[in-house]
Amino acid sequence: MQEAMINRAKQLLADGTVSRVIGWKRGEFAYDITPAVFESAEELESDFVFDDFTAANVSKYLVKESAKEGKVLVFLKPCDTYSLNQLTKEHRVNRDNVYVIGIPGGPKLDIEKIKAKGITGILSVKNENYTLKIETLYGEETMPFSEAILDKCASCKSKKHVTYDELIGEDGDILESNRFDMVEQLENMTAEERYNFWREQLSKCIRCNACRNVCPACTCEKCVFDNPSSGVENKAASDSFEENMFHIIRAFHVAGRCTDCGECSRVCPQNIPLHLLNRKFIKDINELYGEYQAGEDTTSKAPLNRYTFYDCEASIVHERGVE
Amino acid sequence: MLRISLDKIDSLFAAISEKQALYIPTDRADGAAEYKRYEAGMKLSDKLNTVRSAKDFFFPQTENLVEFKMEGKKIEVNDIRQECEDFVIFGVRACDARSFTILDKVYLVEPVDSFYKNRRDHGTVVTMACTRPAETCFCQTFGIDPTAPEGDCAVWSDGSYYYFKANSDKGQAFVDSIASLLEEGDTAELDKTIAKTKEIMGRLPLSKLSTENFGGDKLNEYFNSDKWGELSESCLGCGTCTFVCPTCQCYDIKDFNTGDGIKRFRCWDSCMYSDFTKMAHGNPRLTQLERFRQRFMHKLVYFPANNNGEFGCVGCGRCLSKCPISMNIVKVMKALEEK
Amino acid sequence: MNSNDTLIPYVGVVTDIRIDTPDVKTFRVEAPEGGKVFEHMPGQCAMLSIPGVGEAMFSITSSPTNKEFMEFSIKKCGCLTSWLHAMEVGQMITIRGPYGNAFPVETELKGKDLLFIAGGIGLAPLRSVINYVRDNRANYGDVQIVYGSRSKDDLVDYKEIIDEWMNDSGIEVNLTIDNPQEGWDGHVGFVPNYVKELDPSINKTVLICGPPIMIKFTLAGLKELGFKETQVYTTMELRMKCGVGKCGRCNIGNKYVCKDGPVFRFDQLDELPDEY
């Protein structure tokens with residue numbers, strides 16, 4: 001697959017269709033790939049990588065890259081195409097300046113899950129028939145592929161590319177996913193249990209803003225939390241209330257626009273399952289305003305942006321919060 | 001050497017925590033290690049390191065500095081500083097231990113930061129020698145020996161015993177305070193463990209990384225390097241590297257209206273943030289390239305220029321594993337060195 | 001914990017407010033019990049704050065020879081300065097310092113002919129030096145001051161300049177404004193050009209402060225006239241929080257502007273990366 005991608009990118013660069021390529025660059029180890037812009041065949045040949053660790057959703061870089069001169073080629077996994085559609089819909093990406101090659105999705109691996117098994121000194125990771133053979137400084141280790149996949153891939157919602165100019169490999173289908181299972185578990189908790197769950201999680205937050213900065217739905221030029229005039233700017237929570245509010249307010253801000261790409265939880269250095277906040281909103285929107293998947297298309301009106309006769313009464317939403 | 005059997009660790013922790021606050025790295029439900037105040041039954045993590053570094057003990061993420069009462073045109077300044085309690089941090093790795101001497105060079109030089117000094121005076125650092133370094137480790141690059149960690153008291157394990165050696169008066173007082181639990185024993189097994197660790201150190205993927213091309217005299221060479229654009233291209237501008245870094249020490253000062261007065265606190269800040277240098281009339285670092293460059297130039301050039309060649313990095317590898325886009329000081333060093 | 005910490009400020013009382021220009025006010029600050037909150041040298045700065053609003057670094061515009069009070073000339077340009085401008089006499093603020101180095105009035109500048117070049121609010125830090133020199137007149141040679149602003153109304157300390165400086169012997173004051181204006185029969189034109197027209201003797205030591213663009217062109221002009229970078233001093237401004245070289249904000253190269261500056265000689269600035 002990597003070979004095919006490099007070859008096609010080289011062709012498109014050579015025939016002038018595109019002037020740049022967004023993909024992933026090989027790192028120091030088996031897993032530390034970095035999103036990068038490639039401008040030549042040589043760069044592609046020496047550094048371009050596509051493997052089990054290329055999980056990063058590169059669609060947000062298109063905000064910057066599509067504003068530049070010349071077309072940019074981007075390789076998008078099915079989940080990433082939802083992000084691009086949403087960004088296109090919000091006029092944040094100039095789709096005309098983007099050439100999308102749809103590529104197969106995951107499941108991708110989470111190196112943290114491998115390390116959490118106590119495996120360290122990792123020199124290489126090979127997938128042999130869904131068993132990971134991990135060469136380490138301390139000898140070879142093995143673990144099932146299924147136990148090392150990213151959370152976002154474990155609850156994959158779709159293998160279908162919702163936007164592309166061409167595909168490498170075959171397109172898939174929208175999946176029956178289990179992604180709301182954990183949300184349901186949280187809903188079934190008592191208010192106190194749920195509060196304790198979120199306090200334990202959110203108290204780990206170090207306010208690094210990685211979740212916000214990676215989020216394709218967070219593309220404000222100036223975030224309200226960075227604006228001294230907003231009155232809510234803060235770099236560190238002064239108490240637990242503020243600690244909660246940053247993430248809850250962020251979830252509100254992306255409600256109806258979050259495509260559930262799962263990047264927030266993937267990048268969190270403290271393993272906070274932030275995507276669950278967004279999924280709760282998605283589930284509520286589905287239940288209260290009808291099934292809706294942000295990023296599925298670039299034209300439909302989002303449920304929270306339009307009023308219909310069938311919208312639920314505000315009081316219904318209000319009562320749900322009362323125990 | 002004084003030692004205690006591994007299976008007596010609980011009684012050791014109980015004895016320490018009886019006299020003063022004890023913090024140990026312990027595993028959270030999600031498998032990551034973090035320092036927590038010891039309570040009976042808590043297990044020492046066998047992870048190589050904690051996600052958050054041990055700098056938190058001396059330079060916490062937020063800290064109240066002073067309070068003000070405002071009444072009409074009057075302001076009353078209240079010095080809220082208090083002596084902090086004595087505490088022991090057990091299980092600090094050699095990299096984090098070195099980070100304290102780096103932070104000291106900022107906070108203990110005149111004018112001394114009394115908030116930092118207060119914690120430093122009351123904290124005893126008990127380090128733990130490494131036996132299973134990770135592929136992301138490169139403390140050797142900065143002259144750190146993970147098999148002989150600094151700190152007030154160093155501890156080694158050979159799988160059967162913990163061995164203790166005091167490095168300072170504070171460390172000696174610590175060893176004395178637990179002397180009744182310790183016994184003399186030979187170090188033959190320990191020597192083997194150390195030799196094995198050293199052998200692994202030589203095989204670490206980053207073992208050849210060197211600082212020889214960096215230092216205080218490299219300002220012009222690297223500041224204007226054309227590599228910064230490519231290196232910073234996909235930087236998200238988040239603060240992960242800064243906040244997990246044991247040597248990053250920049251802070252912001254903010255006021256918070258409690259409704260009953262104004263609380264002035266300081267909190268970690270990041271030079272990666274867009275408003276770090278923003279003033280009412282402009283910002284000298286307008287793009288992420290400039291902000292990204294500042295962080296690495298500071299660690300690799302400016303800090304050594306001001307501190308007799310000491311670098312602002314201890315090779316703990318946290319930024320290597322935590323950066324959302326896997327861009328880090330190792331990649332920066334390697335790229336800058338390619339002429 | 002009875003040691004002082006520089007981050008814990010003193011209280012100061014605003015005992016006088018002078019409206020200098022449409023957007024500059026000069027505030028007189030004294031300790032609650034009267035007198036100065038602390039001593040300083042010309043060019044040094046202090047952190048002023050209204051708790052709950054913010055804290056920022058301001059240059060101390062009064063001369064240390066003034067034994068009764070300190071003064072700060074402050075231009076309204078952001079949140080804190082707007083609040084400061086809204087203050088009334090008797091209002092308390094917090095103050096800490098002094099921070100930074102100073103112009104080398106007791107060493108390198110001693111015995112020299114001095115040329116002060118200021119633009120707009122840039123006069124504030126130089127006023128401290130000018131008055132220090134006036135009060136220790138025997139220690140310095142000729143003094144020439146070139147000061148310009150957008151308009152006559154934007155000249156800070158106009159009254160003091162006219163009533164005092166211009167009446168001192170051995171001080172030449174050259175004022176200029178950017179555009180012609182009714183009631184102004186003085187020089188019209190930008191500071192850099194005016195300096196070239198005046199063609200000052202190249203033996204002078206120059207102290208310059210003003211908007212970056214003014215500094216840039218004036219320096220170029222001075223070089224054309226034959227001045228060397230080692231003869232020219234300026235004072236810098238960057239965002240600061242701690243004031244003592246620890247919070248990292250004003251770090252440029254291996255210097256911290258709050259601690260190693262704000263006063264730099266131009267040959268020293270050349271060694272710093274271009275980030276100011």
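Described below are features of the structure shown in this document. (Residues numbered from 1 in each chain as written. Chains lettered and ligands numbered in written order. Predicted model: local features only at pLDDT ≥ 70, side-chain atom pairs only at ≥ 80, totals over all residues.)

**Details of the overall build of chain A**
Under the convention used in this document: A run of H or I in DSSP becomes a helix once it reaches four residues, and a run of E becomes a strand once it reaches two; helices and strands are each numbered from the N terminus. For this measure, only C-alpha atoms enter the radius of gyration; the expected value for a globule follows 2.2 Å times N^0.38, where N is the number of residues. Residue pairs qualify as contacts under a 7 Å threshold applied to their C-beta atoms, which are placed from the backbone.
A tally of regular secondary structure across chain A gives 13 helices and eight strands. Here the C-alpha radius of gyration of chain A, 21 Å, is about what a compact globule of 323 residues would show, namely 20 Å. Principal-axis analysis of the C-alpha atoms gives chain A an extent of 60 × 50 × 40 Å. The contacts of chain A with a sequence gap of at least 6 include a subset with a gap of at least 24, amounting to 66%.

**Some thoughts on the overall build of chain B**
The condition that has to hold: Burial is judged by counting the other C-beta atoms within 10 Å of a residue's own C-beta: 20 or more makes it buried, 12 or fewer makes it exposed, and any count in between marks it as partly exposed, with every C-beta position built from the backbone.
Each helix and strand counted, chain B has eleven helices and twelve strands in total. Rg of the C-alpha trace for chain B: 22 Å, near the compact-globule value of 20 Å for 339 residues, within the 12% margin. Dimensions of chain B, computed from C-alpha atoms along their principal axes, come out at roughly 65 × 60 × 40 Å. For chain B, the proportion of its 339 residues judged to be buried stands at 49%.

**As for the interface of chain B and chain A**
Where the parts come together, the accessible area they lose is often given as the size of the interface. This is how it is decided: Put simply, Ala, Val, Leu, Ile, Met, Phe, Trp, Tyr, Cys and Pro go in the nonpolar bin, Asp, Glu, Lys and Arg in the charged bin, and everything else, Gly too, in the polar bin.
On the side of chain A, 32 residues touch chain B, which itself brings 39 residues to the contact. Going through the elements one at a time, α5 (188-203), α8 (240-244), β11 (251-257), β12 (262-268), α10 (318-322) and α11 (329-337) of chain B are the ones with two or more residues in the side of chain B that touches chain A. Of the residues in the side of chain B that touches chain A, the class split is 19 nonpolar, nine polar and eleven charged.

**Considerations on the packing of helix α8 (residues 191-202) of chain A against helix α10 (residues 240-254) of chain A**
All names here are of chain A. Our working definition: Axis definition: a line fit to C-alpha positions, over the contact stretch in the case of helices; interaxial angles, taken between N-to-C directions, run 0 to 180 degrees. Each angle gets one of four labels, with under 35 degrees taken as roughly parallel, over 145 as roughly antiparallel, 65 to 115 as roughly perpendicular, and the rest as oblique.
Relative orientation of the contacting elements α8 and α10 amounts to 90°, with a least axis distance of 10 Å. Viewed along their axes, α8 and α10 adopt a mutual orientation that is roughly perpendicular. In this structure, α8 uses W198, R199 and L202 to contact α10, whose residues at the interface are S240, E243, N244 and H247. Tallied by class, residues from the contact of α8 with α10 come to two nonpolar, three polar and two charged.

**Let's talk about the sheet that holds strand β5 (residues 70-75) of chain C**
Strand-to-strand pairing in sheets goes through backbone hydrogen bonds, with the strands running parallel or antiparallel. All names here are of chain C. This is how the line gets drawn: In this analysis, strands are considered paired if DSSP registers two or more bridges between them.
Within the open sheet, the six strands sit side by side as β4-β3-β6-β1-β2-β5. Their pairing is antiparallel. Every other strand in the sheet has two partners, leaving β4 (54-59) and β5 as the edge strands with one partner each. Averaged over all neighbouring strand pairs, the angle between strand axes comes to 40°, with direction disregarded. Two strands pair when backbone bridges link them, and strand β1 (residues 10-21) and strand β6 (residues 92-99) are joined in this way by four bridges, in the antiparallel orientation. Its bridge partner being in β6, Y10 is matched across the sheet by I95.

**Topic: helix α4 (residues 191-198) of chain C**
Residues and elements named next belong to chain C. What counts is decided by this rule: Throughout, the arc means the angular range of directions from the helix axis out to the C-beta atoms.
Every buried residue of α4 is listed here: V191, P192, Y194 and V195. Axial view of α4: buried residues confined to an arc of 165°, hence all on one face. Here the buried face of α4 lies against β7 (114-119), β8 (143-149), β9 (171-177), β10 (187-188) and α5 (212-225). Positive phi appears at D199, one or two residues downstream of α4, with a value of about 45°.

**Quick look at the pairing of β4(C)**
All names here are of chain C. Burial within β4 is extensive, with five of its six residues counted as buried. As paired strands, strand β3 (residues 45-50) and β4 are joined by six bridges and run antiparallel to one another. Paired with L48 across the two strands is A56, which belongs to β4. The hairpin turn running from β3 into β4, its antiparallel successor, is three residues long, and G52 in that turn takes a positive phi close to 95°.

**Describing the environment of I316(A)**
Following the sequence through the fold, I316(A) ends up in helix α13 (residues 314-320). As a C-alpha pair, I316(A) and K283(A) span 33 residues in sequence and 15 Å in three-dimensional space.

**Some words on the packing of α4(C) against α5(C)**
Residues and elements named next belong to chain C. Stated precisely, the cut-off is as follows: Crossings are sorted by hand: turned counterclockwise from the far helix by less than a right angle, the near helix makes the crossing left-handed, and turned clockwise it makes it right-handed.
As a packed pair, α4 and α5 sit with axes 8 Å apart at the nearest point and diverge in direction by 20°. In terms of orientation, α4 lies roughly parallel with respect to α5. At the point where α4 passes α5, the crossing takes the right-handed sense. Along its contact with α4, which presents V191, P192, V195 and K196, the element α5 presents M214, F217, T218, G221, L222 and L225. Taken together, the residues of the contact of α4 with α5 sort by class into seven nonpolar, two polar and one charged.

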